[in-house]
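# Understanding the architecture of this molecule
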Amino acid sequence: MTNQLKRVIQESVPGKQITLSHIIANPETAILESIGIERRQISLGIMTITPPEAAAIVSDVATKAGAVNIEFIDRFSGSLVLSGAVDDIESAIIAGCGFLRDQLGFTIPEIITRS
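Thresholds, definitions, all that
Residues numbered from 1 in each chain as written. Predicted model: local features only at pLDDT ≥ 70, side-chain atom pairs only at ≥ 80, totals over all residues. Heavy atoms only, no water. Patch = residues over 30% accessible without salt bridge, like charges linked within 9 Å, V, L, I, M, F, W, Y side chains within 5 Å. Areas by Shrake-Rupley, 256 points an atom, 1.4 Å probe, with all protein chains shown as cover. Salt bridge = Lys/Arg side-chain N within 4 Å of Asp/Glu carboxyl O. Helix = DSSP H or I, 4+ residues; strand = E, 2+ residues; numbered from the N terminus. Core = buried A, V, L, I, M, F, W, Y, C linked by side-chain atoms within 4.5 Å. Buried < 20%, exposed > 50% of the residue type's maximum accessible area, 1.4 Å probe, protein only. Contact = heavy atoms within 4.5 Å. Pairing = 2+ DSSP bridges. Axes fitted to C-alpha atoms, helices over the stretch in contact; angles between N-to-C directions. Expected span 1.5 Å × (residues − 1).

## Observations concerning a nonpolar patch on the surface
- Taken together, the side chains of Ile57, Phe99 and Leu104 define a hydrophobic patch exposed on the protein surface, amounting to about 210 Å² of accessible area.
- Here Ile57 shows up in helix 2 (residues 54-65).

## What to know about the nonpolar core
- Counting 18 residues, the largest nonpolar core has Ile18, Met47, Ile49, Leu82 and Leu100 as its most contacted members.
- Within the residue set of this core, elements represented by two or more residues are strand 1 (17-24), strand 2 (43-50), helix 2, strand 4 (79-84) and helix 3 (86-104).
- Element by element, the count of residues in this core is highest for helix 3, at 5 residues.
- Non-local contacts of Ile18, meaning those with residues more than four positions away in its chain, are made with Met47, Thr48, Ile49, Cys97, Leu100, Thr107, Ile108 and Pro109.

## Here's the deal with the sheet that holds strand 1
- The mixed open sheet is built from 5 strands, whose spatial order is 3-4-2-1-5. Of all strands in the sheet, those bounded by a partner on one side alone are strand 3 (68-74) and strand 5 (113-114).
- Here strand 1 pairs with strand 5 via 2 bridges, running parallel. Residue His22 lies in a different strand from strand 5, and its bridge partner there is Thr113.
- Taken strand by strand, helix 2 contacts strand 2, strand 3 and strand 4, and its axis lies near 180° from that of strand 3.

## Some words on helix 3
- Over its 19 residues, helix 3 runs 26 Å from end to end, which matches the ideal 27 Å to within 8%, given 1.5 Å per residue.
- Those residues of helix 3 that sit buried are Ile89, Ala92, Ile93, Gly96, Cys97, Gly98 and Leu100.
- The first or second residue beyond helix 3 is Gly105, which carries a positive phi of 70°.

Fair warning: the whole summary comes from geometry, so function is off the table for now.
What follows is the structure in structure tokens.
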């Protein structure tokens with residue numbers, strides 16, 4: 001049996017949208033460790049945004065709206081991971097989504113999911 005390589009094709013969909021907006025209210029220690037976060041008893045906010053450069057805008061708005069830390073931001077994929085207390089994460093994500101919707105005409109998810 002031969003090993004077959006899997007090919008992954010990544011595309012950026014044109015448009016202005018938040019494709020993922022999720023809060024992990026009480027992440028397992030293994031999740032925190034896997035992304036290099038040493039603090040415990042925090043929540044995570046995870047977002048994916050197109051165009052990807054808008055992740056920088058959301059991170060700015062989010063850090064001004066709540067006591068959150070930027071754990072990861074990627075201006076090439078539009079990924080953003082925030083950490084902090086669950087209420088601060090929720091406020092930060094709502095503020096970021098609202099800014100993109102109201103000021104820049106983005107399509108945003110109606111419901112912020114939470115686990």
